[in-house]
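# Notes for the structure review
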Protein chains: 4
Amino acid sequence: MRPPPTQFQPHDPAYAERVRTSFARQQAMGLIGAELVVVEPGFTEIHLANRPEITQQHGFVHGGIVGMIADNAGGFAANTLTAADTSVLTVEYKLNLVAPADGERLVARGEVVKPGRTLLVTRAEVFAVKDEQWTLCAVMQQTIMAMHGKKERTHGSAQEGARHS
Amino acid sequence: MRPPPTQFQPHDPAYAERVRTSFARQQAMGLIGAELVVVEPGFTEIHLANRPEITQQHGFVHGGIVGMIADNAGGFAANTLTAADTSVLTVEYKLNLVAPADGERLVARGEVVKPGRTLLVTRAEVFAVKDEQWTLCAVMQQTIMAMHGKKERTHGSAQEGARHS
Amino acid sequence: MRPPPTQFQPHDPAYAERVRTSFARQQAMGLIGAELVVVEPGFTEIHLANRPEITQQHGFVHGGIVGMIADNAGGFAANTLTAADTSVLTVEYKLNLVAPADGERLVARGEVVKPGRTLLVTRAEVFAVKDEQWTLCAVMQQTIMAMHGKKERTHGSAQEGARHS
Amino acid sequence: MRPPPTQFQPHDPAYAERVRTSFARQQAMGLIGAELVVVEPGFTEIHLANRPEITQQHGFVHGGIVGMIADNAGGFAANTLTAADTSVLTVEYKLNLVAPADGERLVARGEVVKPGRTLLVTRAEVFAVKDEQWTLCAVMQQTIMAMHGKKERTHGSAQEGARHS
């Protein structure tokens, strides 16, 4: 029998506020109008209302925007499990675009699959919601690095500093 | 000995104009200020000037924006090799972020690695250019699908229609 | 609310026998001693007993072997949903190795995430089972191509013919 | 202008012997008959003669075997640049299979793209050589972790210990 999903215990009791503050610092999320709606241990959900500015000519959300919220949903899910003095960065991610992002809004769900001390592996799914019908439009698998003892910086790279996407 | 890089022969003599027109249709590229600077058979180069709107708080370009131009550089490189009546879509891509996108501008280079009839495999590299010093900040490997006999639509997915990122 | 997992309806009522026959043709699976234990619509499970021939010096299963059964679990999961005259091939996969493959046996589970007509996206997880304790040791995200009207060939590539890994 | 490829300076003057010793420890490489032919700073080349034991029914090398040598070529390329007391492990890799592995032998070339202190990003290409004609059959992008101050162990995972594939 397959074991039940891991129940994650956050190291930082104030993880939710810390993650929401980090999200709020991301200008790019504000630019596209993304909202961090759910923050739980090892899980986050980002919502994005469809707007002309982020669409393709037929009104679907641009794939690059889909990738941005998938990457962030996974990265912030990892961030919920790190210590208060630890920031995270995206090492890499792999994204499959499986259907047009056709809906009034997108919902990106990120979850931690493996919480290692240095590296955390996450997955994300992005759904397009149209007339309350959910359509899976993208799936992602991602590697996140925890930068222990480094204050949050909302940019950087796997090589230096820390970042979310 | 390793063979020399493939010399690509475009099927469509008007490939460059077709690809530039497709790029121009992408609102998202205009939104971030990206320019398609080089279009050659199996190769494209996209430039992006650093601007506050696309940065993180420390002035580096947001990783999600880096991914957008990497994805497009690869997708348009594939598009240079397709027939005039064929559009392309991103099936999937894998992106490693290897350094902060710290510079006055970014240069994304996409090249076709394997031009199959239905699927094309591409790679892209993104450099941050600061005081004319080039720093590699991201590398991507991508799968593109050719939609034969389908007119360009600048969105869609691997399942339906055609898209660039 | 998140929608329930898709219930897959196989096109081929004899999908299970077809998939088991295809698996049996794979010499490499026999070489390493892998068994196809579960075959359901959109899902397969491959078991592999740990043996000295497939281990590293400390008795863990070699990562390359882990990748082989993950790739096959996803590919055969896709194959359960194709028509009787359709074979499948691995376009690409991305594998994260998250823990040593330390156990008496490995269990690889593959499931279809998005069943497109031409492309199917799958995921796989590989567990190491030791004293009936399950440890996740690898996760994979994969793109599979359906070759309609092509008889099974147990090799090939995304460009020509058909294959399982 | 694009910068020239980085010239890598190995930290360990005895890198070649160290890497060859590590390769020799890998039973799985011996099992399939792979040879480490070229070892240079940031680059390795693995050759594999086609034999019935590693083929599919049509005589092509099994895709899982292709993945094993691609993963190893990238991992050992990274290992050439680490210190004498540092071992490496595969965090993850993404492999595109682009043509059948049809030839008398395969040649896998791995190169370091970004040598970070903790993480190294590599790429690999696998060619099938038939009548001295080279055909690209797979391309890989990979993340490798350097385990500083840890003696070589030829297995393990990104979470514990060290490994090559």
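## A look at the overall build of chain A
Along chain A, the regular secondary structure elements total 3 helices and 8 strands. Taken from N to C terminus, the helices and strands of chain A fall in the order α-α-β-β-α-β-β-β-β-β-β. Within chain A, buried positions represent 65% of all 165 residues. Within chain A, contacts between residues at least 6 apart in sequence are counted, and of these 65% link residues at least 24 apart. Only carbon and sulfur atoms are counted for the fraction: they give 51% of the accessible area of chain A, which is about 5800 Å².

## Considering the packing of aromatic side chains
Residue and element names in this part refer to chain B. Scanning all chains against the criterion turns up 10 aromatic pairs over all chains. Both rings, one in Phe 23 and one in Phe 76, keep their centres 5.5 Å apart while their planes meet at 55°; by these two values the pair is tilted. Taken as a pair, Phe 23 in helix 1 (residues 15–25) and Phe 76 in helix 3 (residues 63–79) lie far apart in primary sequence, 53 residues in all. Residue Phe 23 shares its accessibility class with Phe 76, and that shared class is buried.

## Observations concerning the interface of chain C and chain B
Accessible area lost upon the coming together of the parts serves often as the stated size of an interface. If you look at the interface, chain C gives 12 residues, while chain B gives 12 residues. Note on chain C versus chain B: buried area summed over both sides is about 850 Å², and carbon and sulfur give 67% of it. Where chain C meets chain B, there are 0 salt bridges. One can count 0 residue pairs in polar contact (both at pLDDT 80 or more) joining chain C with chain B. Counting only elements with at least two residues in the side of chain C that touches chain B, the list comes to strand 3 (87–97) and strand 6 (133–147) of chain C. The dominant element in the side of chain C that touches chain B, judged by the number of residues it contributes, is strand 3 of chain C, at 3 residues.

## Structural notes on the side chain of Gln 141 of chain C
Tracing the backbone through its elements, the reader meets Gln 141 of chain C in strand 6. Polar side-chain contacts of Gln 141 of chain C include one of 2.8 Å to the side chain of Asn 96 of chain A. Residues contacting Gln 141 of chain C, with those up to four places away along its chain left out, are Lys 94, Leu 95, Asn 96, Val 139, Met 140 and Gln 141 of chain A together with Tyr 93, Lys 94, Thr 122 and Arg 123 of chain C.

## Regarding helix 1 (residues 15–25) of chain C
All names here are of chain C. Along helix 1, the residues classified as buried are Tyr 15, Arg 18, Val 19, Ser 22 and Phe 23. Seen end-on, helix 1 carries its buried residues on one side only, within an arc spanning 135°. Residues of helix 1 that are exposed and angled more than 90 degrees away from the buried face: Glu 17 and Ala 24.

## Here's the deal with the relation of the copies chain C and chain B
Superposition of chain C onto chain B requires a rotation of 180° combined with a translation of 0.0 Å along the rotation axis, giving an RMSD of 0.0 Å. Within this description, the copies of the chain are treated as partners about a two-fold rotation axis. Relative to the rotation axis, the closest C-alpha in chain C is found at Lys 94 of chain C, a distance of 4.2 Å. A shared binding surface is used by both copies, with 100% of the interface residues of chain C retained as interface residues in chain B.

## Description of the confidence of the model for chain A
All names here are of chain A. Taken as a whole, chain A shows an average pLDDT of 87; of its residues, 85% reach a score of 70 or greater. Predicted confidence is poor over residues 154–165, with pLDDT under 50, and the contacts of this stretch with residues over four places away or in other chains come to 71 contacts. This prediction of the complex comes with two scores: 0.91 for pTM and 0.88 for ipTM.

## Section: the side chain of Lys 94 of chain D
On the secondary structure map, Lys 94 of chain D appears in strand 3 (residues 87–97). At 2.7 Å, the side chain of Lys 94 of chain D and the side chain of Glu 92 of chain C are in polar contact. Discounting residues that sit within four places of it in the chain, Lys 94 of chain D has contacts with Lys 94 of chain A, Glu 92, Lys 94, Gln 141 and Thr 143 of chain B, Glu 92, Tyr 93 and Lys 94 of chain C together with Val 139, Met 140 and Gln 141 of chain D.

Each value, and the rule that gives it
- Residues numbered from 1 in each chain as written.
- Chains lettered and ligands numbered in written order.
- Predicted model: local features only at pLDDT ≥ 70, side-chain atom pairs only at ≥ 80, totals over all residues.
- Heavy atoms only, no water.
- Helix = DSSP H or I, 4+ residues; strand = E, 2+ residues; numbered from the N terminus.
- Buried < 20%, exposed > 50% of the residue type's maximum accessible area, 1.4 Å probe, protein only.
- Contact = heavy atoms within 4.5 Å.
- Areas by Shrake-Rupley, 256 points an atom, 1.4 Å probe, with all protein chains shown as cover.
- Phe/Tyr/Trp six-rings, centres within 6.5 Å; stacked < 30°, edge-to-face > 60°.
- Buried area = accessible area lost by both parts, 1.4 Å probe.
- Salt bridge = Lys/Arg side-chain N within 4 Å of Asp/Glu carboxyl O.
- Polar contact = N/O pair within 3.5 Å; in protein donor to acceptor, adjacent residues only side chain to side chain.
- Arc of directions from axis to C-beta.
- Least-squares fit on C-alpha atoms with pLDDT ≥ 70 in both.
- pLDDT = per-residue confidence, 0-100.

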